[in-house]
Amino acid sequence: MAAKCSVCFFSYGFYGLNKSNSNDDFDCRKKNLNLRLLLTPSRRLLPVSCKLQQRNLSSHYKRQQGKKPPFEWIRTRAKLRPNSDDESEHEHSVPNNGDMKHIVNHGKTFDEDVDTRVDVEHIGEESSSVSSASAVETNRDVELADEQMALKKALAINKEQLSVVQPEDLIGMIKTAERNILLLNQARVHALEDLHKILGEKETLQSEINSLEMRLAEADAQIKVASEEKVHTEQLEGQLEKLRNELFNRGGSGKSELELYENRNKMSNKEELLASDGHVHSLRKEVDSLRTENLALKDDIQELKSMLSNLKNSDERMVTLENERSFLESTMKELESKLSVSQQESSNISTLKVECKDLCEKVENLQCLLAKATKQAEQAFLVLQQNQDLRKKVDKLEESLEAANVFKVSSEKIEQYNELMQQKIKLLEERLQKSDQEIYSYVQLYQESIKEFQKTLNSLKEESKEGTLDEPVDDMPWEFWSRLLLTIDGWVLEKKLSHNDAVLLREMAWKRDRHICDAYVACKEKTEDEVISTFLRLISSELSPGLQIIHIAAEMAPVAKVGGLGDVVTGLGKALQKRGHLVQIILPKYDCMQYDRICDLRALDETLHSYFDGKLFQNKVWTGIVEGLPVYFIEPHHPNRFFWRGQYYGEQDDFKRFSFFSRAALELILQAGKKPDIIHCHDWQTAFVAPLFWDLYAPKGLNSARICFTCHNFEYQGTAPASELAFCGLDVHQLNRPDRMQDNSAHDRVNPIKGAIVFSNIVTTVSPTYAQEVQTAEGGRGLHSTLNFYSNKFLGIINGIDTESWNPATDMFLKVQYSANDLQGKEENKDSMRRLLGLSSADDRTPLVGCITRLVPQKGVHLIRHAIYWTLEMGGQFVLLGSSPVPHIQREFEDIANQFQNHEHIRLILKYDEALSRHIYAASDMFIIPSIFEPCGLTQMIAMRYGSVPVVRKTGGLNDSVFDVDDDTIPDQYRNGFTFMTADEQGLDGALERAFNLYKTNNQSWQQLVQKVMNIDFSWESSASQYVELYTRTVTRARASASHT
């Protein structure tokens, strides 16, 4: 039985994790809940007058102090125990998120009930309540210590059991532990919130204590004044007595006057005494009341002090819980490491077992055949030995017969004996003949066994040899096969090879056949005619297992790159090629391409004719190899020199330029005799391919292909007046309709993107989130209704990056190569770039923020500008690389660059430089991408590949690839950056500030985050598999439909 981990939670508002989490338990807890679990104050301070009146009216509250606290309820229900086999895996041991939310909310309701009841209950019997509370706390401390010991013992037992359990049990245990840890984190958050509440109440109580002490001081002052007045009254009475005595001593003449005077004085004195006595009496009463209230206040102060000590104990309990959580996390990490090791070992063992099993079976078969042959040979030898014995006996008999003939006598007995001997000789001869036949049969059987054994051995050798020949050649680079394919296509276009022969030769090259490889290497020094004749002898009729895919695009990295489109064409093409598919690229031949990145560039002898504006124009076709992919470059011989403009885009006649190219590319496919399965076009520049294919080229024999269209950014749609559609030969009247190519915003214009959506078999965009955004009115740029109508063939597939090209361990542009396991090189690259750009290197721990982007509104230029100043304010450094095609934005950032021209922490380079971009990726600690919208984005993936933590806005592909490190709803293994939602300065400030705080205050966590982001797989493998699935499904459907017709 697999032992499963359970976690005991001790936190305010969290009541256990087992099957007793039901409504009845909540009712029971509500009845017994009169003390806070974390020893919050049992009652709030009321005004003094209220306390004096309620001194003896808290018997109900006193009874509550004697009850069993909720902590005991938790302890008896949250023990660590192994789950039974009949118990459900998750529901009975760990509540789900919804249950947790319900429990926490219920706990908050109980808190409010307790607070309300305590506020209105009679509060008294301070001494008894304080002693009871301290007793309860003592019991709780003992119970908590016991619980911790039990938890540690259980975990130790679990560790011993885990060493012998199976990997699938470990997986279940780890999943359970992950959920328990998540719940523990949630409980910890609630405990911290309650601790903040307790501290707030502590401050309130302290303020009330201060006010009470002030009132006590005022009461003491009043008592002191009253005592002084009493002393003054006693002095007046003494003086009065002295006056009486003096008047009495005078006697005689003044007696009547004295009596009259005394009577008057008596009256006045009586009145003064009465008044004085009344005032003293009132003062005494007030003094008594103040003394009584003072005693009550002292008791209250004593009780508050005891509560404050309880709060300190609760702080210690929080520390204990935090230690338990750390212990559980370390245990979890150990289990994960053991699981990964066991999984790797099991996968290696399974592979070795399969290979060993096959070898054992072959050896056993050979041993069986050898044993059989050996056994038969032994039997043949035994028969031969018996035959030899018989021959010896026959020889003896013959000798005896000869002796008998010499010494025979003429008696009947001897004759009879002779006859008998002859009969025996005949019998022996018959037996000998039979034995010879048996020996001969055994020898034949042995020879046949030997031949069968030899035949089996030869067949095994032949199978091994054939397998070696049939296996694709893996030791030749992709450039070799691309060069071979381009050579074959050149022969076809030059009419030196037939289309059918070219198809078979392409299949052999496509499969990387060893025969064609050896033939091509052997014919290296021969003439072209001899090579062609040699290839024709190699033609076979085998079918290709993969797909033929042709990409028609306006960009391809690194020879013609403006944005992410070029990276996608190259990265996706290489990934599809590695999966065994035939991939070819068709590009315009720009005059501004990087020709030094093209291998084996050559022009074909034949020219290509294509239609445009009512005429046929010649096109020169060039072939070359880029990143191991075969590429065709089309150079139009048009008087407008379409692709000799010194730039890729931005011309007034872009609509004409790329519609011309789209038709010329389809004409190349047709005249070269290609039969592609998929024609994949990209963005509006080649969106014309879809309507051109179905209207003009499918009827000419290209109907085997299916069209896939990918829009990399719906902001650029290439709309133009409808009349310009006729230049490439399309019917304006038929296509300028709402259900075809007519723009949704202007009826006199056509939209190439809309046409591709309508006419393509597959429509994709570059991330799932962006696919959802463009189907809304805000994100669709007028095409949301069309996308929603064709939503059954529209989906988002996030792009990847070329991890071989973008690899800090092999990047030759860097001063020092490095990896996730050795980050020292990243620090050295950071120091190198600071010196290169003239930035300060005084403090190695100063965070460096990088930004590489086109400065257009889509990229959030106002947030980039704000980030420069905000980074400087927080004590960081900022490096920007990029330029803007928008003049006023370019001028604005030029002004900022001039402002910080000699600044030691800010540098702006307003151009694109690939070598410098790689330096910035490697040197920056953080990478900021505050896009307003972002279809996919590759910079965040490249930044993470180089160990730069991304700070991004949650939109499009950024939302699909970057997950906030502080988002508890995301599993920890996927958290890899800092995100913000709103496209304003406040959102950016918060995300960047959180990144700075983690970098400056917790270097170990930051280094772990850097290693995590560097190890994330952003290669094309996953995306390519999704594209292959789409291609295969569409092609299969098309072939099934063709077979039915």
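So, how was this worked out
Residues numbered from 1 in each chain as written. Predicted model: local features only at pLDDT ≥ 70, side-chain atom pairs only at ≥ 80, totals over all residues. Heavy atoms only, no water. Helix = DSSP H or I, 4+ residues; strand = E, 2+ residues; numbered from the N terminus. Buried < 20%, exposed > 50% of the residue type's maximum accessible area, 1.4 Å probe, protein only. Contact = heavy atoms within 4.5 Å. Areas by Shrake-Rupley, 256 points an atom, 1.4 Å probe, with all protein chains shown as cover. Core = buried A, V, L, I, M, F, W, Y, C linked by side-chain atoms within 4.5 Å. Phe/Tyr/Trp six-rings, centres within 6.5 Å; stacked < 30°, edge-to-face > 60°. Pairing = 2+ DSSP bridges. Axes fitted to C-alpha atoms, helices over the stretch in contact; angles between N-to-C directions. Parallel < 35°, antiparallel > 145°, perpendicular 65-115°, else oblique. Nonpolar A, V, L, I, M, F, W, Y, C, P; charged D, E, K, R; others polar. Patch = residues over 30% accessible without salt bridge, like charges linked within 9 Å, V, L, I, M, F, W, Y side chains within 5 Å. Salt bridge = Lys/Arg side-chain N within 4 Å of Asp/Glu carboxyl O. Lys, Arg positive; Asp, Glu negative; His and termini not counted. Charge placed at Lys NZ, Arg CZ, Asp CG, Glu CD. pLDDT = per-residue confidence, 0-100.

**What about the overall build of the protein chain?**
- Scanning the protein chain for helices and strands turns up 29 helices and 17 strands.
- Looking at the 1045 residues of the protein chain, the share that counts as buried comes to 46%.
- Of the contacts made within the protein chain by residues no fewer than 6 positions apart, 77% connect residues no fewer than 24 positions apart.
- If you sum the accessible surface of the protein chain, you get close to 53500 Å²; carbon and sulfur atoms cover 52% of it.

**A look at the nonpolar core**
- Ile552, Met556, Ile586, Ile679, Phe693, Phe714 and Tyr1031 are the most contacted members of the largest nonpolar core, which has 101 residues in total.
- No other element matches the 9 residues that helix 15 (residues 654–671) contributes to this core.
- If you look at the next biggest cluster of nonpolar residues, it comprises 71 residues, including Ile928, Val949, Val951 and Met1014.

**Some words on the packing of aromatic side chains**
- As enumerated under the stated definition, the model contains 25 aromatic pairs in all.
- Taking 6.3 Å as the distance between ring centres and 80° as the angle between the ring planes, the aromatic pair formed by Phe643 and Phe661 counts as edge-to-face. Here Phe643, found in the loop between strand 5 (629–636) and helix 15, pairs with Phe661, found in helix 15; they are 18 residues apart in sequence, far enough to count as distant.
- Given the relative accessible area of 1%, Phe643 is considered buried.

**So, the sheet that holds strand 10 (residues 762–765)**
- Read across the open sheet, the 9 strands follow the order 3-4-5-2-1-6-7-10-11; overall the sheet is mixed. Of all strands in the sheet, those bounded by a partner on one side alone are strand 3 (599–612) and strand 11 (794–796). Adjacent strand axes in the sheet meet at a mean angle of 25° when their direction is disregarded.
- Relative to strand 4 (residues 615–626), strand 3 runs antiparallel, the two being bridged by 9 bridges. Considered in strand 4, the bridge of Ser610 is made with Phe617.
- Where helix 14 (residues 564–578) meets the sheet, it contacts strand 1 (548–552), strand 2 (582–588), strand 5 and strand 6 (678–682), and its direction lies at approximately 140° from that of strand 5.

**Digging into helix 16 (residues 689–697)**
- Those residues of helix 16 not exposed but buried are Val689, Ala690, Pro691, Leu692, Phe693 and Tyr697.
- Looking at the buried side of helix 16, the elements it contacts are strand 1, helix 15, strand 6, strand 7 (706–711) and helix 18 (752–759).

**Digging into the packing of helix 10 (residues 478–493) against helix 12 (residues 514–522)**
- At a minimum axis separation of 12 Å, helix 10 and helix 12 run at an interaxial angle of 80°. Viewed along their axes, helix 10 and helix 12 adopt a mutual orientation that is roughly perpendicular. Of the residues in helix 12, those touching helix 10 at Phe480, Trp481, Arg483, Leu484 and Thr487 are Ile516, Cys517, Tyr520 and Val521.
- Taken together, the residues of the contact of helix 10 with helix 12 break down into 7 nonpolar, 1 polar and 1 charged.

**Here we look at the sheet that holds strand 15 (residues 926–929)**
- Strand order across the open sheet formed by 6 strands is 14-13-12-15-16-17, with parallel pairing between neighbours. Of all the strands in the sheet, the pair left with one neighbour each is strand 14 (906–909) and strand 17 (978–980). In this sheet, neighbouring strand axes are inclined to one another by 15° on average, regardless of whether the strands run parallel or antiparallel.
- Packed on one face of the sheet, helix 24 (residues 914–923) meets strand 12 (848–852), strand 13 (877–881), strand 14 and strand 15 and runs near 145° to strand 12.

**Describing unusual backbone geometry**
- Residue Ala557 is joined to Pro558 through a cis peptide bond whose omega torsion reads 0°.
- For Pro558, the position within the fold is in the loop between strand 1 and helix 14.
- If you check the backbone angles, Glu627 has positive phi at about 55° while not being a glycine.
- Structurally, Glu627 is set in the loop between strand 4 and strand 5.
- A relative accessible area of 33% places Glu627 in the partly exposed class.

**What to know about a negative patch on the surface**
- A surface patch of negative charge is lined by Asp395, Glu398, Glu399, Glu402, Glu429 and Glu430.
- Going through the elements one at a time, helix 8 (255–406) and helix 9 (412–470) are the ones with two or more residues in the negative patch.
- In terms of residue count, the dominant contributor to the negative patch is helix 8 (4 residues).
- Inspection of the secondary structure assignment puts Glu398 in helix 8.

**Here we look at the environment of Ser704**
- Mapping Ser704 onto the fold places it in the loop between helix 16 and strand 7.
- Given the relative accessible area of 34%, Ser704 is considered partly exposed.
- Separated by 335 residues in sequence, Ser704 and Arg1039 place their C-alpha atoms 8.1 Å apart.

**Some words on the confidence of the model for the protein chain**
- Mean pLDDT over the protein chain: 78, with 76% of residues reaching 70 or higher.
- A low-confidence stretch, residues 252–256 stays under pLDDT 50, and its non-local contacts, those more than four residues away or across chains, total 0 contacts.
- For the stretch residues 540–544, pLDDT sits under 50, and the model shows 8 contacts to residues farther than four places along the chain or on other chains.

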